[in-house]
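Per-entry structural report
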Amino acid sequence: MNFRVTLTGFLLILLIPFIAAAQSSTLKGSLLDNETKSPIAGASIVLKGTALAAVTDESGLFSIYSVPFGNYTIEVVAYGFEAINGAVFNVNVNSANVDAGYLSLTRALNASTDADESIPTVSLSDSELKDEGTQSVSGVLSAGRDPFTIAANYNFSGARFRRRGYENEEVSYMNGLPVEDLVSGRTLFSTWGGLNDVIHSRENTYGLASSNYTYGSLNGSTSIDSKASRQRKQFQISYAASNRSYDNRLMATYGTGTMKGGWAFAGSISRRWAKEGYVKGTYYDGWSWFLSVEKKFGPNSTLSLSQIGANTENGRSSAVVEEAYDLAGTHYYNPNWGYQNGKIRNGSVGHQQQPLTILSHEWKIDEHSNLETSLGYQYGINSTTGLDWLNAPNPSPVYYRYLPSYQDDSASAAAIENSWRNDESVRQINWDKMIITNRNGQDMTVNDGAGNIQTGKQSAYVLEERIANNKRITFNTVKNTTVGEHIVYTTGFSYQHQQSEYYKRVKDLLGGDFYSNINQYAEQAYPGDLDALQNDLNHPNEIIHTGDKFGYDYMATLQKSMFWIQAQFKFNRIDFYLGGNLSNTSFYRTGLYRNGIFKDNSFGDSPKQAFNNYSIKGGLTFKINTRNYLYANGVYETRAPLFENTFLSPRTQNTTIANIDNENVTALEAGYYVRTPRVKFRLTGFFTQMNNGTDVQSFYDEFYRTFVNYAVSNIDKRYVGLELGAEIVLGKGFTATTGIALGDYYFNSRQHEIIIADNSTALLGDNTVYSKNFYISSTPQTSGTVGLNYRSKKFWHAGINANYFDKIYTDFSRSRRTVGAVALLAEDDPIRKGIIEQEKLSSQFTLDINAGKSWKLNNYLKNWKRPTFLVLNASINNLLNNTDFRTGGYEQQRFDYTDKNINKYAPKYFYAFGTTYFVGLTLRFN
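Residues numbered from 1 in each chain as written. Predicted model: local features only at pLDDT ≥ 70, side-chain atom pairs only at ≥ 80, totals over all residues. Heavy atoms only, no water.

Before going further, it helps to spend a moment on the overall build of the protein chain. Each helix and strand in the protein chain was counted, giving 7 helices and 49 strands. Classification of the 926 residues of the protein chain by burial places 56% in the buried group. A separation threshold of at least 6 residues defines the contact pool for the protein chain, and within that pool the share at least 24 residues apart is 72%. With an accessible surface of roughly 39,000 Å², the protein chain has 54% of that area assigned to carbon and sulfur atoms. (Helix = DSSP H or I, 4+ residues; strand = E, 2+ residues; numbered from the N terminus. Buried < 20%, exposed > 50% of the residue type's maximum accessible area, 1.4 Å probe, protein only. Contact = heavy atoms within 4.5 Å. Areas by Shrake-Rupley, 256 points an atom, 1.4 Å probe, with all protein chains shown as cover.)

The mixed open sheet is built from 4 strands, whose spatial order is E10-E9-E12-E11. Edge positions in the sheet fall to strand E10 (177-178) and strand E11 (202-205), since each of these pairs with one other strand and no more. Summarising the sheet, E11 and strand E12 (residues 221-224) pair through 4 bridges and their orientation is antiparallel. Within E12, the residue paired with arginine 202 across the bridge is isoleucine 224. (Pairing = 2+ DSSP bridges.)

A few words now on the nonpolar core. Ranked by size, the top nonpolar core spans 26 residues in total, and within it Phe156 and Tyr333 carry the most contacts. Secondary-structure elements contributing two or more residues to this core are helix H2 (147-155), strand E18 (320-321), helix H3 (322-328) and strand E48 (908-911). The leading source of residues in this core is H3, at 4 residues. Excluding anything up to four places from it in sequence, tyrosine 333 contacts Ser318, Val320, Ala324, Tyr325, Ala328, Pro397, Val398, Trp420, Arg427 and Gln428. (Core = buried A, V, L, I, M, F, W, Y, C linked by side-chain atoms within 4.5 Å.)

To continue, consider the environment of arginine 594. Note on placement: arginine 594 falls in the loop between strand E31 (574-591) and strand E32 (604-605). A relative accessible area of 28% means that arginine 594 is categorised as partly exposed. Each C-alpha atom of the pair arginine 594 and glycine 604 lies 8.2 Å from the other, and the pair is 10 residues apart in sequence. When near neighbours in sequence (up to four residues on either side) are disregarded, arginine 594 contacts Asn535, Asp536, Leu537, Asn538, Lys599, Asp600, Ser602 and Phe603.

What follows concerns unusual backbone geometry. One non-glycine residue with positive phi stands out, namely asparagine 692, at about 70°. In this structure, asparagine 692 sits in strand E36 (residues 679-701). Overall, asparagine 692 belongs to the partly exposed group, its relative accessible area being 29%.

This part covers H2. Counting buried positions over the 9 residues of H2 gives 8, a clear majority of the element. The set of residues buried in H2 consists of Pro147, Phe148, Thr149, Ile150, Ala151, Ala152, Tyr154 and Asn155. Those residues of H2 hidden inside the fold are in contact with E36, strand E37 (706-731), strand E38 (734-747), strand E41 (782-791), strand E42 (796-806) and strand E45 (844-856).

Time to look at the pattern of salt bridges. What the rule picks out here adds up to 34 salt bridges. Here glutamate 723 ties to arginine 164 by a salt bridge, and the two come within 3.1 Å at their closest N and O atoms. Linking glutamate 723 in strand E37 with arginine 164 in the loop between H2 and strand E9 (171-174), this pair joins segments that are 559 residues apart in sequence. Arginine 164 shares its class with glutamate 723; the two are buried. A salt bridge links aspartate 225 to arginine 230, with the shortest nitrogen-to-oxygen separation between them at 2.9 Å. (Salt bridge = Lys/Arg side-chain N within 4 Å of Asp/Glu carboxyl O.)

Okay, the confidence of the model for the protein chain next. Per-residue confidence for the protein chain averages 88 on the pLDDT scale, and 90% of its residues sit at or above 70. This model gives residues 1-23 a pLDDT under 50, and the stretch forms 26 contacts once residues within four places in sequence are excluded. Within the model, the stretch residues 108-144 combines pLDDT values under 50 with 136 contacts to residues more than four positions away or in other chains. (pLDDT = per-residue confidence, 0-100.)

This part covers the pairing of strand E15 (residues 263-274). Across 8 bridges, strand E14 (residues 248-255) lies against E15 in antiparallel orientation. The partner of threonine 253 across the bridge, within E15, is serine 268. Relative to strand E16 (residues 283-297), E15 is paired through 12 bridges, and the arrangement is antiparallel. From the neighbouring strand, alanine 266 faces E16, where its bridge partner is serine 292.

The subject of this paragraph is the environment of arginine 271. Relative to the elements of secondary structure, arginine 271 occurs in strand E15. Under the relative-accessibility criterion, arginine 271 is labelled partly exposed at 23%. Sequence separation between arginine 271 and leucine 250 is 21 residues, and the spatial gap between their C-alpha atoms is 5.3 Å. The contacts of arginine 271, once residues within four sequence positions are left out, are Asn248, Arg249, Leu250, Asp285, Gly286 and Trp287. In this structure the side chain of arginine 271 is engaged in a polar contact, spanning 2.9 Å, whose partner is the side chain of aspartate 285. (Polar contact = N/O pair within 3.5 Å; in protein donor to acceptor, adjacent residues only side chain to side chain.)

This part is about the packing of aromatic side chains. Scanning the entire structure with this criterion turns up 42 aromatic pairs. Between tyrosine 166 and tyrosine 719, the ring centres sit 5.0 Å apart and the planes meet at 70°, which makes this aromatic pair edge-to-face. Of this pair, tyrosine 166 sits in the loop between H2 and E9 while tyrosine 719 sits in strand E37, and the two are 553 residues apart along the sequence. By the burial criterion, tyrosine 166 is buried, and tyrosine 719 matches it. Ring geometry for tryptophan 263 against phenylalanine 265: centres 5.9 Å apart, planes inclined by 5°, an arrangement best described as stacked. Judged by relative accessible area, which is 36%, phenylalanine 265 ranks as partly exposed. An aromatic cluster of three or more residues is present, and its members are Phe148, Phe156, Phe161, Phe805 and Phe885. Stacked on the ring of tyrosine 552, the Lys or Arg arginine 651 has its end atom at 5.5 Å from the ring centre. We note arginine 894 situated over the ring of tyrosine 400; from NZ or CZ to the ring centre the distance is 4.8 Å. (Phe/Tyr/Trp six-rings, centres within 6.5 Å; stacked < 30°, edge-to-face > 60°. Lys NZ or Arg CZ within 6 Å of the ring centre and 35° of its normal.)

This paragraph deals with the pairing of E12. Along E12, one buried face is formed by Ser221 and Ser223 and the opposite face, lined by Thr222 and Ile224, is buried too. Note that E9 and E12 share 4 bridges and pair parallel. Pairing of serine 172 across the sheet is with threonine 222, part of E12.

This next bit is on a nonpolar patch on the surface. A cluster of nonpolar side chains, namely Phe297, Leu303, Leu305, Leu359, Leu375, Tyr377, Tyr379 and Ile473, defines an oily patch on the protein surface of about 700 Å² accessible area. Of all the elements in the fold, those that place two or more residues in the nonpolar patch are strand E17 (301-315) and strand E23 (369-389). When residues in the nonpolar patch are grouped by element, the largest group, 3 residues, is from E23. Note that leucine 303 resides in strand E17. (Patch = residues over 30% accessible without salt bridge, like charges linked within 9 Å, V, L, I, M, F, W, Y side chains within 5 Å.)

Here's what the structure looks like:
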């Protein structure tokens, strides 16, 4: 079949206008909070005495199709709201399109405007819908809060749960702009960290469902609208205390709403901090900000300018082998810190600052069409510090040679074990020792060959900072058009351009006077070759001071463009949609250092990698009646490999994985959805097959004493599973909830692995990896939660959730699943079995509770006219303090091929936090 002809025909079909003879009307409208003028989502809109109904979307909009001409009474039910003075809404339907305008409700006294990030608040059910009939039934598959999604976001988050086992498969938009790092494919959630007050207005799609603002992804999409007019008219200040990553959060938010003249302004500032987090040696210091101004030009055009950003710094912990946890006596042992002059100092500190500025224009072309166009610029750095050393012992306390298990005699092992258990300084970084070593070094005179001479102490140890300096420009435009009564037609185009520079620089010389930009490890592979020692032949023997670059320096330049089209067809009993996209992705590496080993393949631009891709998707919903729905969606697509999974050793050379090509993805899902006054239920089955993937893992290998790169190709992955979410109103204020995920995520191909080092042209390994049927790691493939919630008429609520997790596997070492790893071992040899089998971690149980209360202060301050609320929310996670919960881990890539000892380079593990709490208090002036 000719692909180009087939796709062209498919797109032409979507472009054909389908206009049905208007035998009835389409009724539209918008539901608003009377006090704040903000939209009310998830409300039931019913035409009294009929089966015609709809549910408001995240913008408060609703549409009811095929409404016969006549006079109707609109019933509106929204949890937490009530009609103003018992008002009802009447409408006369007498034309093909009728706009009911703005319908307003007032907030009930016990209702808070949104759930805190840490409170698993579940919305109660909608009011009774009317008797079922044979007339039009509106689709509600994406309306309201989905019970399973609530469980995944809150109750499962402590277990490092990934929905459907995917990585990086959800797309997020901010003010109409995709927020994505093109190098890694990850959504940049840190951009708006700590700004809960301004991201409440959002629209979500689940799985492969259609969307009016994006083509979508395998795992759904989220569109956040933070523009000034979408912010509540209010002043709000809140404080939160916690014992998790940060101890304190202070936030203030102000919004004017839309004022006379069409102007709107909004702003928010947030501070999160902790001198020490849950894990010793960690800390947190973060500032976040948001500013937005918007101007409405007439009834059909709006222009907004917003900036959102976060500047955060945090001391980190890391996974270690179980032996180190046991010796330290805690599963929260952190080897990244030590004492310097009696004060704790962390050697692994992350820093992020990438503010995003967005200019957005909304244009209502006519009553049937609207266009939203956004242009954004994002810049800033992500960095992490770490130790580097030159001709000196490894300073890490968990270096495997320093552990008791490595020692040859029992006396030495016992002595080291005793020191580990009883002397904290032995199991932490010794900053003072490194500084003394640097200061006591011999005076040296160094000539870099360019006339620069330095006399002093050359540091044996330095603190380095690994930096990604990013600049990203994004353009996106989406047009929505309603054609007749049954078609919503959407087209979109996006263009993204990103340039990221990756380099190291000296953060701290630790008492020394200078450092040398040479590759100390190359001397082992190239003795006597002075060029091979140079990280940058363009500046040989370079002398390095604090703030100077060294080691590597290269640029990644990427661009991606995509055109997509989608048509949604809505009828009495069946809705369906069809869509497709065409995209182009290209990237190349620019070496800013001329590496001494790769003289002719490191400096300057690499050949450009370019990939053309396409996708075709569709879905069908059968509406049994107003409460029961069957649906199915599917997609087939090709996708370009990521930059970070294409180059074999981007730090040192331009070489890419051989025969790099597109990945192919097929995904299907089908389900049953129920929405009644007392029950909200969704059951979804899914199947996804990904073929021809690639992966490059780079890490420091103590055996080779350098960074090594494991480049893996021919990666096929299969994801099969069920998702169930339910919410049942039990009466008298009680609601029961559940969320269950049952999955089987595994590799279903034999992979190919190439191992190379940054400091050598030699091939360290070229293996077939027997990876078929090994499980995808670091997410529970079975997760479940059962909850009971109570909401009182006296304005307080409380809830409890019991959570269960199983089928958690460690990430397996591909080097152990090769012929060389099991050579000369018989099939029934238990050693062979131990080498090959993948470790399954034990199942776990946790318990969470939450509570909250709100007060309308006007009831206590009689002369205070402005509506004022005080809201208290609190939660405790892992109430039973389960500190043995391994949420994941990984086998070390190195393997003892001589003795076949799998414990010589033991796996490293992550543990979930024990009991943690969060308490938030909010004062809101509406």
